[in-house]
Amino acid sequence: MSADGRPALAFGGDYNPEQWPEAMWAEDVALMREAGVNLVSVAIFSWALLEPAEGRYEFGWLDRVLELLHSNGIRVDLANASASPPPWFSHRYPQSLPVTAEGVRLSYGSRQAFCPSSPDYRRAAGALTRALAERYGQHPAVLMWHVHNEYGCHNAHCYCDVSAVAFRDWLRQRYSTLDELNDAWGTAFWSQRYSDWNQILPPRRSGTWVNPTQQLDFWRFSSDELLECFKAEAAILRAHSDRPVTTNFMSFFKPLDYFQWARELDLVSNDHYLIVDDPDPAEELSMAADLMRGLAGGSPWLLMEHSTSAVNWQPRNRAKAPGEMTRNSLQHIARGSDGALFFQWRASAAGAEKYHSALVPHAGRDSRRWAEVLELGGVLARLGELAGSVVEPAEVAILHDWQSRWAAELDSHPSVDLSPMAGARQLYSALWRSGVRCDFTHPRADFSGYRVLLAPHLYLLSAEHARALTAFVEAGGTVLVTYFSGIVDERDHLHLGGYPGALRELLGIRMEEFYPLLAGESAPLTEYGSGAIWSELGRTEGAEQLAGYAEGPVAGSPAITRHSVGAGQAWYLGTTLSDDHLGDLLSEILAQAGVRALLPGLPPGVEVVVRRAATGARFTFVLNHTGEPVSVELDGTELVTGEEASRALLVPAGAVRVVRGG
Amino acid sequence: MSADGRPALAFGGDYNPEQWPEAMWAEDVALMREAGVNLVSVAIFSWALLEPAEGRYEFGWLDRVLELLHSNGIRVDLANASASPPPWFSHRYPQSLPVTAEGVRLSYGSRQAFCPSSPDYRRAAGALTRALAERYGQHPAVLMWHVHNEYGCHNAHCYCDVSAVAFRDWLRQRYSTLDELNDAWGTAFWSQRYSDWNQILPPRRSGTWVNPTQQLDFWRFSSDELLECFKAEAAILRAHSDRPVTTNFMSFFKPLDYFQWARELDLVSNDHYLIVDDPDPAEELSMAADLMRGLAGGSPWLLMEHSTSAVNWQPRNRAKAPGEMTRNSLQHIARGSDGALFFQWRASAAGAEKYHSALVPHAGRDSRRWAEVLELGGVLARLGELAGSVVEPAEVAILHDWQSRWAAELDSHPSVDLSPMAGARQLYSALWRSGVRCDFTHPRADFSGYRVLLAPHLYLLSAEHARALTAFVEAGGTVLVTYFSGIVDERDHLHLGGYPGALRELLGIRMEEFYPLLAGESAPLTEYGSGAIWSELGRTEGAEQLAGYAEGPVAGSPAITRHSVGAGQAWYLGTTLSDDHLGDLLSEILAQAGVRALLPGLPPGVEVVVRRAATGARFTFVLNHTGEPVSVELDGTELVTGEEASRALLVPAGAVRVVRGG
Amino acid sequence: MSADGRPALAFGGDYNPEQWPEAMWAEDVALMREAGVNLVSVAIFSWALLEPAEGRYEFGWLDRVLELLHSNGIRVDLANASASPPPWFSHRYPQSLPVTAEGVRLSYGSRQAFCPSSPDYRRAAGALTRALAERYGQHPAVLMWHVHNEYGCHNAHCYCDVSAVAFRDWLRQRYSTLDELNDAWGTAFWSQRYSDWNQILPPRRSGTWVNPTQQLDFWRFSSDELLECFKAEAAILRAHSDRPVTTNFMSFFKPLDYFQWARELDLVSNDHYLIVDDPDPAEELSMAADLMRGLAGGSPWLLMEHSTSAVNWQPRNRAKAPGEMTRNSLQHIARGSDGALFFQWRASAAGAEKYHSALVPHAGRDSRRWAEVLELGGVLARLGELAGSVVEPAEVAILHDWQSRWAAELDSHPSVDLSPMAGARQLYSALWRSGVRCDFTHPRADFSGYRVLLAPHLYLLSAEHARALTAFVEAGGTVLVTYFSGIVDERDHLHLGGYPGALRELLGIRMEEFYPLLAGESAPLTEYGSGAIWSELGRTEGAEQLAGYAEGPVAGSPAITRHSVGAGQAWYLGTTLSDDHLGDLLSEILAQAGVRALLPGLPPGVEVVVRRAATGARFTFVLNHTGEPVSVELDGTELVTGEEASRALLVPAGAVRVVRGG
């Protein structure tokens, strides 16, 4: 990936030279060379400069930037600059501005102020993309294309009249007839039957809950509508350039169905930022990285943005401790990223993100931050041979389905405490603490290769996908399903006859009624402590009851069950356990399925991941997130320090080691 | 009330066959018969089906539904279906959509999306009502008419230009001249004087507090405006049908002055749902039922909707424990309902209320819920002779005045902690715990027959109604007035010269200044513990001071007083006591007034109510809300179990017993 | 200031006779005379009465009011009545109504419902002002002019299209070219470059943070725009009248840069209300009064409004304890007010402020409140000779800059916990508790005369003003700067190269990176306890490190430093200390600077201030805010009681004494 053709991990970040006098660019590039920067993203927010008036392009400054970078051996992730239309555009096409559910037309003045369905926006973005593709499609500095930026970050849903028309068109594709739509949306309820397509609107603010299937379809439509924007721009780039095309994801960002999106990208890339209030940021980072690998189908992906230190958009923006930036970077790489890029190269002097940290801080080179940047550059250079290697396959996968999550989080449900993301996180956390790595996949995927599937609150599940899960178990697989899974079909209609409808047979249980628990309430179980958030009334029908409710209105009903189906086993968890008890349950499930940690016996907070190169070389990452040094039994060459590891590799507190072994 | 002419309690619920294939209807009716269902509400949200295009009616399906029900002996509470206009209507008449105080025009897509003053809505609803009345006015299945549904639930206040015109018309009726309006609204304040009727607007969002009398009149107008809708539709029905007309109330729903509404109904009916977070749901249910009886003038009323188990619209929707559904149903009946209907017959498979419980749950007949439905049906059948009987008159009444409550809860008042509903609830709770039943009435009512009136925070009180209260006391009655009562007249103008202006003479006190207490602050009293929320500076003028403030800026001022007036006594409570101390005070007041519990000595949570038939038969309900069995001294036939009661009737924990005695 | 020409402190309040029958006016004036009222504000909200239709004036009632007052020796602060346009105006000119950032056009119906840039409003307000000035400009009752009322209270920012045009005009004045604006706003960021002035809008609601310099300029514009309104109306008044012109400020009200405003007033006046939840209301009052004196340049100012007891606009409106009204009044006078006026004379019977206390309460004369009013009137009469005297100069000043505060409180900053007002208050509190009085001034002021300047979070500081601070120190002054000062220039652009950019050299420190602390987190220091809210990474460069961070990611970095520069010293405080530790630090700083309390050794809560007359007479106020009597060593005549003080003046709990000495 380096300019000289040798494999290299990407290192660099967003480079916004337009924010600085041209006289500073030479210093920028000199500093990049000093740090070992080899890839920068350029022109992401440059539309206003590149096209100062409609159809008039000014590429001179960008020519000079690319030439300067190229002549210094720094490759470019070139943006098509469609992320934020300039003021002249929004002023000329006010109907292109997005509108909230309450009818507020948002103003420009920040960024990304456009309706995804706006024909004006699409035409203008396409024209700009074409101009850039024609000019730079074969430019030697251009390594890849960066379409847009963080799609949907501020305009995921637009409720304007233009969007209404587009929504109807989308619905006509999904439902061939209005009767079919009426059936799918259940419009017999509350006198909502549509007699003409033109009556259909986005789910604008109404007196009370808007039809849930209408809401769900609007989430689907909105994800698709932005994806159409991406596809159109990517197609233009590909017509003029042979370089790979990406757009930067935002981890588990709710509004976009990234499993659908990922199929359209040549390279999956991600923006990841630590959340100050997260109870375990390293675990959260790991989870996001594993999702990216899942989106990339196991192939390497690219960390397009993270931060050298604090960000500017949280209430209190914690800065990073010594070593933390390097550890974060290597953790992403351990889990499949082929590099570590940052937002941004040089901290801005003005604008809304001037307090976002950067590779070059406000204080300049005379700073601990810059010293750490140099250190990270050195480490990444020593890890260059890792580029292109893949993370060893996992035996466990968590099913994450955006559409099910959208449906599960709609209004007027049994309990506001139920959250598919929280459910996934709690399972992930139990795996993380036990040293068992997992993938993220979705219900429409190929499950072969996995021993265990975890389905947290997989609320929406079609009969077809329920059958696929059943086939997986019958063939010897293990599945753990948690409550409120398999409840509705793709139209958000109940699978009737007892819960969890689509999975009742697989799980060998039958629930009659949900008994959500109140805030702070717990339901004692016969085993595994007590449950929170949820309980239910029902019975086993073939499954073995491992724990039941010990008292209260559902006393005797099953809470944890196991059902042998074919050669496999289907487990059910009907409530939320404490972290410790969930860990115990998961240990039991994994043990029965023959899944074990890579290096058992390590203390919590010590992370081990293996990437394997096409050559057969194995690279074992050991990340010590604890405050104490740890000793690990590993042989081979340690790449961070360059020392030979012989059995007992000592990893200092907060440090990372990467051992190349056979 | 049953189809065969024998007296029967109503049992059934909302039946929405349009949500299901017609092939299922026969099964529905068979299940209804199995359960003993004898009354169902039909077509509440069927406008879109009944009138799929303007002026084109499709009654065939409804003909078949009514025929099927009729042929199976199930009577129908037929809706005029005006509750939710169809999409074609809102799309064609966008000006009919309601507008918030901020100017947001609400969309259709949920329900009840119309401006109450819309001439288009009123015309369309009238036409539909006429078509239904003409077709079904004499249909043998139709037992009664159900106008609209939960008036004002989502559109109680509309601020659109159409509403502005209607508001002005309403104001012209109330105030014959603009000068009168200017005086009433106090527009000399803040330069608000109107010089033309057309300048007057609804109290739309402004920079700060809108004129309070303008706000109060808008509450009055809004209640009246929906009442006009009801009256117009009821008049059409009555012109074509001799069946009684109702609309379902929502307990203490703030926006509608149900005492005004009730006069227009042939039968008072109510929707009641338990609130998960209520500290004592049985007490709250009882209070709502007593209000309904008050609205019905002591006559039987009908529980139109409650739930078999959980609802879907609270943050965490608790499901009902075994026996709870039956106990709730019988509690409503004990306090005057002639039946127990539910929303809804069969749990929906789709739509915003699919997680609302029903008589037939998602799980179907193989469920504890269905078994309890059968059990309840049996109990209600055995209680058939209760139909038409009336609850024995109470000796105590709480004054509840919607207009006073609206005024008391306006902005810019001395303390946000003051709440007429909370004040009423605390008094009700003290009565409930002491086993003394009470009615709800209002300041314009006839007080004869009561020994004690309780006036919690009766903020708005005209001089005329203050005189009526005085006359009641002079004639030997007892009244307890709590603070912030009698403060303003019907225009929200102060009764000047000392608080509580309109009641100063009756109470024999004179307060000079309010001293609201801060959050968590308490004011020690010389007796009855200490006060919260409120204190005041003042003195007695004829009354006896029973407790005063022991310290602080109002030390020595009266907190509890008693004033002998004519043959009666007027008590005043100037702060909020603890529940226990209020109980003590109320016990003293009741004792002095000669009021005692029906069956003294029962433990808290054991409720006793008596209904009396025209035949003279007395039916004593004993509801055991506690977790322990209780023994009650009663003779007669126990109707729930069919056993004879002889002195010591044992009522198991959570159970209800009804003894027919002489 | 009295009608007879003798010096007198003003006593009175807002008099709104239009709210009452004319028959009551004679009683009003008789009561005023009884109480010693000598000044009332008239006609503040009388526009609708004075001009009932456009261009038609009705002055008869006002003529009679002024004549009545004049004939009773009561002078008038006459309003130009522009505070609230009448309904006819807003109805005729709907474009004059203000619009929120979300696009909601606010309704009339409360008060102050106009866009500050509206040409219709400005024309109408000007015409009314002219008519009043012509008629009453030389009226003997008129002592002064009261322009508008509480400018910006509800309409400080308007985002309408008219405001957009005005904003552009303002920006054209500030930035001669669009390029200059683009540079200042940093529009290279996020593709925000403007290519035409017409593209520029107010910072309306957008998808995310609007450009911060755009926001800052909008705050500046909005303050200026209302100031233009004031200046235009004041000019009309001055053209027809020789009486002084004022408008009533609202203490530290954020939207208006009162240091700019004060230059345009003939007399600074203020409205001050106690905030129930304030931890020390007396301290807060004192701080507001000291600000007013700063705005008045040390000259006497006037307390235009406070309350006799409770207000109506807080959640719980505490009423005042016996003696509190008088103590509040005298505290304002001690710190420079030449009187004590109240809102309002007589408590309203209707309208949004009817629960606001007044000189004449609802209860009338038979009340403790009225008795205290008479008592206060007597005290003020005995203090008449104080009128025109000035508070003795302070040696310490706090720098308060509205523009810096606006900038510091913009979004997307390192920590939401940082607040310039909280920082100023904590410093003020430490001074208050130590008995050292301070002034408020701003960075563009003349610092001579001060020994110590305190700069809490002076975020925005131009290089020029930083040089002025440096010059102050070099000349022997002492400055204490707290963190996040000197960070940006007037365009909100970073001073690059290390924090605190503009003050780095003066302070002799260099910070590299901010490390905000999380909620509840503290950072142990080597001295002075531990820090909250903030920490930073850096080092001294010439300064002496008095305390450093003891552990964590910035261990060893300086937290408190002192730098000798020229003849003075520059202190830096890099975190938030506990109140006690800040007190210790400040004591040390003051001691080194030679500043001491006026009367050292008094217990906390005993306040001492001296006013000095042109005659040389010194008036020493002793205000005892505690619950215990206190003895103070003072000689002279005590004016409140009329007794001679001889060494040990006893001041009872809650009382105030004023001793005239040499």
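Residues numbered from 1 in each chain as written. Chains lettered and ligands numbered in written order. Predicted model: local features only at pLDDT ≥ 70, side-chain atom pairs only at ≥ 80, totals over all residues. Heavy atoms only, no water.

**Q** Report on the packing of aromatic side chains, specifying residues and quantitative values.
**A** Summed over the entire model, instances satisfying the criterion amount to 114 aromatic pairs over all chains. Ring centres 5.1 Å apart and planes at 55° place the aromatic pair tyrosine 151 of chain A and tryptophan 261 of chain A in the tilted group. Taken together, the positions of tyrosine 151 of chain A in the loop between strand S4 (142–146) and helix H6 (161–174) and tryptophan 261 of chain A in helix H9 (residues 258–262) put the pair 110 residues apart, joining distant regions of the chain. The class of tyrosine 151 of chain A is buried, set by a relative accessible area of 2%. Tryptophan 261 of chain A sits in the buried class, given a relative accessible area of 0%. Ring centres 3.7 Å apart and planes at 10° place the aromatic pair phenylalanine 114 of chain C and tyrosine 121 of chain C in the stacked group. For phenylalanine 114 of chain C, a relative accessible area of 0% gives the class buried. Taking the relative accessible area as the measure of exposure, tyrosine 121 of chain C reaches 0% and is therefore buried. Members of the aromatic cluster, each reached through a chain of ring pairs, are Tyr159, Phe167, Trp170, Trp185, Tyr194, Phe218 and Phe221 of chain A. Of note, arginine 346 of chain B hangs over the ring of tryptophan 20 of chain B, and the distance from its end group to the ring centre comes to 5.6 Å. (Phe/Tyr/Trp six-rings, centres within 6.5 Å; stacked < 30°, edge-to-face > 60°. Helix = DSSP H or I, 4+ residues; strand = E, 2+ residues; numbered from the N terminus. Buried < 20%, exposed > 50% of the residue type's maximum accessible area, 1.4 Å probe, protein only. Lys NZ or Arg CZ within 6 Å of the ring centre and 35° of its normal.)

**Q** Go over the relation of the copies chain A and chain B with me, naming the residues and quoting the values.
**A** It takes a turn of 120° to lay chain A on chain B, together with a shift of 0.0 Å along the axis; the resulting RMSD is 0.0 Å. Between the two chains, the operation in question is that of a three-fold axis. Ranked by how close their C-alpha atoms come to the rotation axis, the residues of chain A are headed by valine 104 of chain A, at 5.0 Å. (Least-squares fit on C-alpha atoms with pLDDT ≥ 70 in both.)

**Q** Please give an account of H6 of chain A that cites residues and values.
**A** Look at H6 of chain A: 20 Å from first C-alpha to last across 14 residues, which is about the 20 Å you get at 1.5 Å a residue. Buried within H6 of chain A are the following residues: Ser163, Ala164, Ala166, Phe167, Arg168, Trp170 and Leu171 of chain A. (Expected span 1.5 Å × (residues − 1).)

**Q** Explain unusual backbone geometry residue by residue, including any values.
**A** For the bond from tyrosine 499 of chain B to proline 500 of chain B, the omega torsion is -15°, close enough to zero to count as cis. Considering the arrangement of structural elements, one finds proline 500 of chain B in the loop between strand S14 (478–482) and helix H16 (504–507). Of the consecutive residues phenylalanine 343 of chain C and glutamine 344 of chain C, the connecting peptide bond is found in the cis state with omega at -5°. With respect to the helices, strands and loops of the structure, glutamine 344 of chain C is situated in the loop between strand S9 (337–342) and helix H12 (368–382).

**Q** Residue-level account of the layout of surface pockets, with values.
**A** Computed from the structure, the largest pocket encloses a volume of approximately 1100 Å³. Forming the boundary of the largest pocket are 46 residues, of which Val99, Glu102, Gly103, Val104 and Arg105 of chain C lie nearest the centre. Listed by contribution, the elements that provide at least two residues to the lining of the largest pocket are helix H4 (87–92) of chain A together with helix H4 (87–92) and helix H6 (161–174) of chain C. Looking at side-chain class alone, the lining of the largest pocket contains 21 nonpolar, 13 polar and 12 charged residues. (1 Å grid on protein atoms, 1.4 Å probe; cavity = no way out; pocket = protein on both sides within 12 Å on 5 of 7 lines; lining within 4 Å. Points joined across faces, edges and corners; volume = space filled by probe spheres on them. Nonpolar A, V, L, I, M, F, W, Y, C, P; charged D, E, K, R; others polar.)

**Q** Tell me about the sheet that holds strand S6 (residues 248–249) of chain B, and name the residues and values.
**A** Residues and elements named next belong to chain B. What the nine strands build is an open sheet, ordered S5-S4-S3-S2-S1-S9-S8-S7-S6; its pairing is parallel. With partners counted over all chains shown, the strands left at the sheet margins are strand S5 (245–246) and S6, one partner each. In terms of strand pairing, strand S1 (residues 10–15) meets strand S2 (residues 39–42) through four bridges, oriented parallel. Considered in S2, the bridge of tyrosine 15 is made with valine 42. Sheet contacts for helix H10 (residues 281–295): S6, strand S7 (269–271) and strand S8 (301–305); angle to S8, the most-contacted strand, approximately 130°. (Pairing = 2+ DSSP bridges. Contact = heavy atoms within 4.5 Å. Axes fitted to C-alpha atoms, helices over the stretch in contact; angles between N-to-C directions.)

**Q** Outline the interface of chain A and chain B, listing residues and values.
**A** Accessible area lost upon the coming together of the parts serves often as the stated size of an interface. On the chain B side, the residues contacting the 54 residues of chain A number 50 residues. Buried area between chain A and chain B, summed over both chains or domains, comes out near 4500 Å², and the portion from carbon and sulfur atoms is 58%. Taken as a group, Phe189, Trp190 and Ser191 of chain A account for 16% of the area that chain A buries against chain B, more than any other trio of residues on that side. Remark: the boundary between chain A and chain B carries five salt bridges. For the salt bridge of arginine 539 of chain A with aspartate 366 of chain B, the shortest nitrogen-to-oxygen distance reads 2.6 Å. Taken together, chain A and chain B are joined by 31 residue pairs in polar contact (both at pLDDT 80 or more). If you list the elements that add at least two residues to the side of chain A that touches chain B, you get helix H8 (212–240), strand S15 (509–514) and strand S18 (536–540) of chain A. Broken down by element, the side of chain A that touches chain B gets its largest block of residues, five residues, from S15 of chain A. Among the residues making up the side of chain A that touches chain B, the classes are represented as 27 nonpolar, 17 polar and 10 charged. (Buried area = accessible area lost by both parts, 1.4 Å probe. Salt bridge = Lys/Arg side-chain N within 4 Å of Asp/Glu carboxyl O. Polar contact = N/O pair within 3.5 Å; in protein donor to acceptor, adjacent residues only side chain to side chain.)

**Q** Any details on the pairing of strand S24 (residues 630–633) of chain C? Residues and values, ideally.
**A** All names here are of chain C. On S24, burial follows the alternation: Val630 and Val632 on one face are buried, whereas Ser631 and Glu633 on the facing-out side are not. The pairing of S24 with strand S27 (residues 648–651) spans four bridges and is classified as antiparallel. The residue bridging valine 632 from the neighbouring strand is leucine 649, located in S27.

**Q** Which residues make up the pairing of strand S4 (residues 142–146) of chain C, and what values go with them?
**A** All names here are of chain C. With five of five residues buried, S4 lies mostly within the body of the structure. With four bridges connecting them, strand S3 (residues 75–79) and S4 associate as parallel partners. Among the inter-strand pairings, leucine 78 is bridged to a residue of S4, identified as tryptophan 145. Inspection of the sheet shows S4 paired to strand S5 (residues 245–246) by two bridges, in the parallel sense. By the bridge assignment, tryptophan 145 is partnered in S5 with valine 245.

**Q** Please provide a residue-by-residue account of the interface of chain B and chain C, values included.
**A** With 53 residues of chain B at the interface, the matching set in chain C holds 50 residues. Summed over both partners, the interface of chain B with chain C comes to about 4500 Å²; 58% of that surface belongs to carbon and sulfur atoms. Contact with chain C buries surface across chain B, with Phe189, Trp190 and Ser191 of chain B losing the most and accounting together for 15% of the total. Connecting chain B to chain C are five salt bridges. Our enumeration of links across chain B and chain C arrives at 31 residue pairs in polar contact (both at pLDDT 80 or more). At the level of secondary structure, the elements contributing two or more residues to the side of chain B that touches chain C comprise helix H8 (212–240), strand S15 (509–514) and strand S18 (536–540) of chain B. The element that contributes the greatest number of residues to the side of chain B that touches chain C is S15 of chain B, accounting for five residues.

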